Amino acid sequence: MMKISLRIVTVILAAIFMLQACSSDRKTPVELGIEQQILHIGNLGETSDIDPHGNTGQPESQIQRALFEGLVSRKADTLETIPGVAESWEISEDGLTYTFYLRKNARWSNGDPVTAHDFAWTWKRAITPKLGNHYGYTFYVFKNAEAYHKGELTDFDQVGIKALDDYTLQVELAGPVPYLLELLSFKTMYPVHPPTVQKFGGAEQLSTPWTRPGNFVGNGPFVLKDWVVNQALSVRKNDYYWAKDEIKLNEIHFYATSSETTEERMFRAGQLHITYEIPSEKKESYRKQNHPAFHSFPLYATYYYALNVKKPPLDDVRVRKALAYAIDRRLITDRVLKGGQIPAYAFTPPNKTGYVPEAKMPEDVALARQLLAEAGYPDGKGFPRVSILYNTLDQHKAIAEVIQQMWKQNLGIDVELRNEDWKVWLANIKIGNFEISRSGWGGDYVDPNTFLDVHVTDGGQNKSQWSNTRYDELIRLASQTGDQEQRYAFFQEAEAILVEEVPIIPLYTYSRSRLIHPSVKGWHNNILDDYFYRGVYLSADDEEQ
Amino acid sequence: MLGYIFRRVLQAIPVILVVITATFFMVRAAPGGPFDAERQVSQDVLQSLNARYNLDAPLWKQYVDYLGNLLQGDFGPSFRFANRTVNEIIAAGFPVTLELSLYAILIALVIGLTTGIIASLRANSWQDYVPMSISMAGICLPNMVLGPLLVLCFGIWLGWLPVSGWGLTPGDKILPALTLGSTYAAYIARISRGSMLEVLSQDYIRTAKAKGLSSARIVFVHALRGALNPVISFMGPAIAGLLAGSFVVETVFQIPGLGRFYVEAAFNRDYTMILGCTIFFAVLIILCNLIADVILVWLNPRLRTQARLGD
């Protein structure tokens with residue numbers, strides 16, 4: 001019997017040696033990628049669809065930016081507008097009419113020319129009520145588009161979107177929109193190929209097989225190659241793309257990774273060039289060792305607590321202020337999160353090149369106590385039972401626990417923690433069944449409007465159910481002027497009202513930490529965390545070309 | 001035997017109907033809908049989405065419509081994977097899960113039976129204690145711990161094997177199969193050791209020894225046949241469990257198998273996907289148990305008589 005055991009041990013050892021021998025000359029996907037210019041990206045989560053009108057998620061956007069191109073595009077580092085399908089444009093004196101001149105060499109991936117009619121057709125589709133486009137409201141900047149989308153107007157000719165000829169597109173706006181060009185580079189404004197969409201179910205249908213490999217036609221730098229749901233989606237270079245010489249990658253593989261932990265493992269095993277994120281508990285270690293692959297940068301997004309102003313005692317502004325002033329944000333970002341987040345004292349994140357909010361929520365424990373006493377709860381006595389609601393995630397829990405502790409210590413009040421599964425949390429938020437809830441908001445484009453219009457009365461995203469007529473008026477006024485200075489003044493005043501009324505407690509500006517393999521060249525991170533692939537290449541050399 | 005199988009199939013129909021009905025109403029009773037998102041969609045958009053997926057009809061009508069479609073073999077469209085139907089996703093995901101489970105079963109049988117037999121032949125020696133202790137650890141160590149440990153060891157420290165994917169890079173199927181198989185290997189080792197010990201003490205084994213048969217013939221032909229019974233009755237539910245429960249391994253190793261779709265569907269309130277997977281797995285589990293029972297009856301003359309008597 002000893003012999004049998006020995007034999008088994010020998011077989012196992014032999015198998016291990018064989019495995020090692022095979023693996024010693026095995027090249028990792030990252031190494032092979034460098035040779036073949038194939039970029040491997042962790043995309044955290046599965047893509048629901050790549051039709052530009054049927055989804056709102058970030059993983060989808062990163063892929064859509066490879067597959068489509070709007071009238072304009074943006075520079076990867078500064079997010080500055082650059083020409084896309086339109087090579088030039090004119091803006092009328094009053095700022096209400098934009099005329100775009102499309103480049104004649106812009107082509108769909110099947111070789112068809114990209115025309116102004118394609119854009120008009122796509123945008124008509126995007127606001128067709130039956131389609132159910134999540135981002136339909138982004139088109140409301142165009143004249144009569146809102147009425148058309150809501151079914152109040154059925155004649156599309158009255159909507160301010162017109163193809164004057166094959167290569168000229170003219171849009172009329174409902175009011176001045178200084179950020180229009182930025183909006184036009186947003187995914188919901190990408191064109192779709194009308195014959196392809198019509199072939200697979202028609203213009204008024206989302207989720208048809210036109211977005212499958214083999215069927216797909218797009219106008220971006222890449223074209224859909226393969227798509228295995230819950231595994232990976234790959235794109236290959238589009239030879240018809242007008243600026244194909246600037247596209248150096250042959251393929252990009254987006255992995256539908258299930259967690260940051262998986263991504264980090266894949267990175268370490270040489271299977272990914274770029275991760276979407278890093279597990280939060282590992283950020284500090286990467287930062288400390290100054291890891292060459294570690295990158296961390298702030299995002300245009302705010303983590304905040306929404307206070308339900310309809311529920312006592314939160315209907316009293318003094319209570320809301322007391323809660324807000326008794327929080328030490330620096331402690332949360334530096335001791336709890338440790339991932340490069342920045343304490344936030346106003347809702348809109350600061351943008352160095354544009355708008356920086358002037359209003360600032362104070363941190364003042366003495367004042368907080370005084371306000372609480374004035375509201376009738378000296379030293380927290382008699383404070384009703386309220387809870388902090390959050391969806392299941394370690395980070396949310398850690399933050400809630402720290403804040404619970406701060407309120408206990410600084411104000412003498414006890415709050416409960418309420419943890420709910422994602423969909424249950426969403427359902428409760430929707431019907432206002434909470435007192436205090438964690439929340440987050442990320443900007444779609446770099447302008448304070450994308451943040452501040454969240455809190456208008458009855459706004460779809462206004463979780464606090466707060467309402468202020470002056471605030472609403474300011475947001476409306478800002479949408480009616482083309483004068484940037486004037487707009488920013490309106491926004492500053494609105495921001496100040498938000499800080500004064502405290503329907504929300506801003507906590508920190510999000511940050512993104514990711515691993516980027518040193519072989520990835522020409523890659524830029526930006527505050528919207530939008531990926532741009534033009535000029536990106538892979539090289540084992542240290543120096544960038 | 002045919003009558004026995006027929007009777008079992010008939011019994012399964014009401015079970016499946018109950019499963020369908022309970023699941024259908026339970027998923028709809030759960031808070032939160034398929035189209036709820038942090039960035040809330042407007043009422044108009046929600047209405048058109050509900051209309052598209054027949055969610056605006058009264059509940060009873062949705063149920064009747066669903067049953068009607070089901071009779072035609074149509075599980076409906078997935079809410080989460082917008083351009084795919086549940087049928088397509090099952091058709092794509094199940095073969096992956098099946099393949100993974102198959103490798104896991106093979107690993108479990110080879111490792112489990114070998115160690116179980118050796119341990120039983122060398123009962124109460126180090127060749128018994130060491131593998132049995134390891135197998136106890138194997139049973140106790142959940143896949144979500146073992147998987148990452150194997151990844152760390154073979155994928156990251158040694159760099160021998162890929163840590164994720166399925167059929168993307170050579171060798172990426174080894175670690176998941178090993179992870180999934182090891183727990184079952186541990187069970188099989190313990191079960192087969194126990195049953196082997198029992199069989200080896202039987203009179204007919206002594207007779208075989210007395211007849212002068214070689215020990216290999218005694219073990220592999222006479223003893224093993226009897227000792228396999230408990231292993232087979234364990235395998236029926238185990239295979240079903242493997243197929244339906246590979247979720248953890250599929251998540252750890254990024255495998256596009258059905259288990260992962262199933263669990264994610266529950267989080268996403270992807271009603272049609274949850275229902276489709278539940279029905280599919282219910283049928284599968286009933287089938288696996290039936291097959292295991294049929295094999296048992298076929299192997300065991302006593303049960304065979306009982307089954308015949310029941311006809």
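Residues numbered from 1 in each chain as written. Chains lettered and ligands numbered in written order. Predicted model: local features only at pLDDT ≥ 70, side-chain atom pairs only at ≥ 80, totals over all residues. Heavy atoms only, no water.

**Student:** Even after reading the chapter, I still don't get the pattern of salt bridges, so can you show me in this structure?
**Tutor:** When their charged atoms lie close together, side chains carrying opposite charge are able to pair. Residue and element names in this part refer to chain A. Inspection of the entire model under this criterion finds 40 salt bridges over all chains. Of the charged contacts, one joins Glu500 and Lys321 as a salt bridge, the two residues approaching to 2.6 Å between their closest N and O atoms. Taken together, the positions of Glu500 in helix 17 (residues 484-501) and Lys321 in helix 10 (residues 317-325) put the pair 179 residues apart, joining distant regions of the chain. Each of the salt bridges in this network shares a partner with another, and the network as a whole consists of Glu277, Lys283, Arg512, Arg514 and Asp529. (Salt bridge = Lys/Arg side-chain N within 4 Å of Asp/Glu carboxyl O. Helix = DSSP H or I, 4+ residues; strand = E, 2+ residues; numbered from the N terminus.)

**Student:** Which parts of the structure should I look at to understand the sheet that holds strand 5 (residues 97-102) of chain A?
**Tutor:** Strands pair in a sheet through their backbones, by hydrogen bonds, and they do so in one of two ways: parallel or antiparallel. All names here are of chain A. The four strands are arranged 4-5-7-6 in an open sheet whose pairing can be described as antiparallel. In this open sheet, the two strands that pair with only one neighbour each are strand 4 (86-91) and strand 6 (161-165). Averaged over neighbouring strand pairs, the angle between their axes works out to 20° when direction is ignored. In this sheet, strand 7 (residues 168-172) lies alongside strand 6 in antiparallel orientation, the contact comprising four bridges. By the bridge assignment for strand 7, Ile161 is matched with Val171. The strands touched by helix 4 (residues 116-126) within the sheet are strand 5, strand 6 and strand 7, with strand 6 carrying the most contacts at an inclination of about 165°. (Pairing = 2+ DSSP bridges. Axes fitted to C-alpha atoms, helices over the stretch in contact; angles between N-to-C directions. Contact = heavy atoms within 4.5 Å.)

**Student:** For this particular structure, what's the right way to read the packing of helix 4 (residues 86-121) of chain B against helix 12 (residues 271-299) of chain B?
**Tutor:** The relative placement of two packed helices comes down to the angle between their axes together with the axis-to-axis distance. All names here are of chain B. The N-to-C vectors of helix 4 and helix 12 enclose an angle of 50°; their axes lie 10 Å apart at closest approach. Our classification of the angle between helix 4 and helix 12 gives oblique. Between helix 4 and helix 12 the crossing geometry is right-handed. Contact residues: Val86, Ile89, Ile90 and Phe94 in helix 4; Thr272, Met273, Gly276, Cys277, Phe280 and Leu284 in helix 12. Counted by class, the contact of helix 4 with helix 12 contains eight nonpolar, two polar and no charged residues. (Parallel < 35°, antiparallel > 145°, perpendicular 65-115°, else oblique. Left-handed = near helix turned anticlockwise from the far one by under 90°. Nonpolar A, V, L, I, M, F, W, Y, C, P; charged D, E, K, R; others polar.)

**Student:** In this structure, what is going on with the pairing of strand 10 (residues 251-255) of chain A? I would like to understand it.
**Tutor:** When a strand is regular, its side chains alternate between the sheet's two faces. Residue and element names in this part refer to chain A. The buried fraction of strand 10 amounts to five of the five residues, a majority that puts the element mostly inside the structure. Alternating positions in strand 10 separate into two faces, Glu251, His253 and Tyr255 on one and Ile252 and Phe254 on the other, with burial throughout. In this sheet, strand 10 lies alongside strand 1 (residues 38-42) in parallel orientation, the contact comprising five bridges. Bridged to Leu39 within strand 10 is Ile252. Sheet topology places strand 9 (residues 232-237) next to strand 10; five bridges connect them, and they run antiparallel. Bridging across to strand 10, Val235 finds its partner in Ile252. (Buried < 20%, exposed > 50% of the residue type's maximum accessible area, 1.4 Å probe, protein only.)

**Student:** Would you explain the interface of chain A and chain B in this entry?
**Tutor:** Many descriptions give the size of an interface as the accessible area lost when the pieces come together. Listed per partner, the contact involves 62 residues of chain A and 56 residues of chain B. In this assembly, chain A packs against chain B so that about 5100 Å² is buried in total across both faces, 53% of it on carbon and sulfur atoms. Applying the counting rule to chain A against chain B returns three salt bridges. Connecting chain A to chain B are 19 residue pairs in polar contact (both at pLDDT 80 or more). Elements that contribute at least two residues to the side of chain A that touches chain B include exactly helix 1 (2-24), strand 8 (222-228), helix 8 (260-268), helix 14 (422-430) and strand 15 (436-442) of chain A. (Buried area = accessible area lost by both parts, 1.4 Å probe. Polar contact = N/O pair within 3.5 Å; in protein donor to acceptor, adjacent residues only side chain to side chain.)

**Student:** Please explain helix 13 (residues 394-411) of chain A as it appears in this structure.
**Tutor:** Because each turn of an α-helix spans 3.6 residues, side chains separated by three or four positions in sequence point in the same direction. Residue and element names in this part refer to chain A. Its 18 residues give helix 13 an end-to-end C-alpha distance of 25 Å, which sits within 8% of 26 Å, the value for a rise of 1.5 Å per residue. All buried positions along helix 13 are accounted for by His396, Ile399, Ala400, Val402, Ile403, Met406, Trp407, Asn410 and Leu411. Each buried residue of helix 13 lies within a common arc of 165° when the element is viewed along its axis, so the set occupies one face. The outward face of helix 13, more than 90 degrees from its buried face, is lined by the exposed residues Asp394 and Gln409. Of the residues trailing helix 13, Gly412 is marked for its positive phi of about 75°. (Expected span 1.5 Å × (residues − 1). Arc of directions from axis to C-beta.)

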